[in-house]
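If you want the building blocks of each chain, they are given just below.
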Amino acid sequence: MSSQSEIVLTKVPVPLVAGFQWSVGELMEKFIKALADRKIWGVKCPECGYVYVPPRWRCGKCYAKLGEENLTELSGKGILLSYATAYVELDGAGSFKDLSEPKPIGAIKLEGADSTLFMPLGEVKPEELKEGMKVEVVWREEPKGELADIKYFKPAKR
Ligand SMILES: [Zn+2]
């Protein structure tokens, strides 16, 4: 006697909530909180003098340990080293969609810093961008101590 079994697959929706958090480290936390006061902190290596923004806990050049005592305030002004313009963005479904307007992104070296920040650029057309141009930070109206407090960088007024 033979029996046949049948497998029936049933789709059962299961709500899934994945929460996570991670520590950004003491110096990065100070950097983020200071944005609420429209301040940009970097960290200066006591051994080789290299200035990082955002701050980090160990120097990538000489491996010296960096701490709160090495924090240094930077102006929101800098130089545009290079840039790229995005014309598409991820659509959330594994593909791309066209942006309503191009979004330029800049590699910026803040005055007094040695490292490079990658930030969106605003109030400027992609064709007006030039390597070496002066740029300055534009804060969101009511900074809250979040990375999003820096809206973008724009060409600096002379
Ligand atoms: Zn160093």
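Computed from a predicted structure; not experimentally measured.

Caption draft 1: Broad picture of the sheet that holds strand β6 (residues 117–120). Spatial strand order, β6-β5-β4-β7-β8: 5 strands in an open sheet with antiparallel pairing. The open sheet terminates on both sides in strands that have one partner only, identified here as β6 and β8 (150–155). Each strand axis lies, on average, 35° off the axis of its neighbour in the sheet, ignoring direction.

Caption draft 2: Fine view of the pattern of salt bridges. Scanning the model with the defined rule gives 9 salt bridges in all. Close ionic contact of E123 with K154 constitutes a salt bridge, the shortest N to O distance being 3.9 Å. Highlighted residues: E123 in the loop between β6 and β7 (134–139) and K154 in strand β8, separated in sequence by 31 residues. When its relative accessible area of 52% is taken as the criterion, E123 is described as exposed. Close ionic contact of D149 with R140 constitutes a salt bridge, the shortest N to O distance being 3.0 Å. What emerges from the salt-bridge pattern is a single network uniting E89, K97 and K103.

Caption draft 3: Geometry of the packing of aromatic side chains. Throughout the structure, instances matching the rule amount to 1 aromatic pair. On the numbers, 4.7 Å between centres and 50° between planes, the contact of Y50 with Y52 is tilted.

Caption draft 4: Here's a closer look at the coordination of the zinc ion. Within the protein, the zinc ion binds to C45 (SG), C48 (SG), C59 (SG) and C62 (SG); these donor distances fall in the range 2.3 Å. Here the zinc ion is ringed by 4 donor atoms whose angles at the metal span 100 to 120°, and the overall shape comes out tetrahedral. Taken in sequence order, the residues that donate to the zinc ion follow the motif C-x2-C-x10-C-x2-C. Pair noted here: C48 is in the loop between β1 (40–44) and β2 (51–52) and C62 is in the loop between β2 and β3 (71–74), with a separation of 14 residues, a long-range link. Residue classification places C48 among the partly exposed positions, given a relative accessible area of 39%. Residue classification places C62 among the partly exposed positions, given a relative accessible area of 32%.

Conventions adopted
- Residues numbered from 1 in each chain as written.
- Predicted model: local features only at pLDDT ≥ 70, side-chain atom pairs only at ≥ 80, totals over all residues.
- Heavy atoms only, no water.
- Pairing = 2+ DSSP bridges.
- Helix = DSSP H or I, 4+ residues; strand = E, 2+ residues; numbered from the N terminus.
- Axes fitted to C-alpha atoms, helices over the stretch in contact; angles between N-to-C directions.
- Salt bridge = Lys/Arg side-chain N within 4 Å of Asp/Glu carboxyl O.
- Buried < 20%, exposed > 50% of the residue type's maximum accessible area, 1.4 Å probe, protein only.
- Phe/Tyr/Trp six-rings, centres within 6.5 Å; stacked < 30°, edge-to-face > 60°.
- Donors = N, O, S within 2.8 Å, 3.2 Å for Na, K, Ca; no water.
- Tetrahedral: all angles 85-135°; square planar, octahedral: opposite > 155°, others 65-115°.

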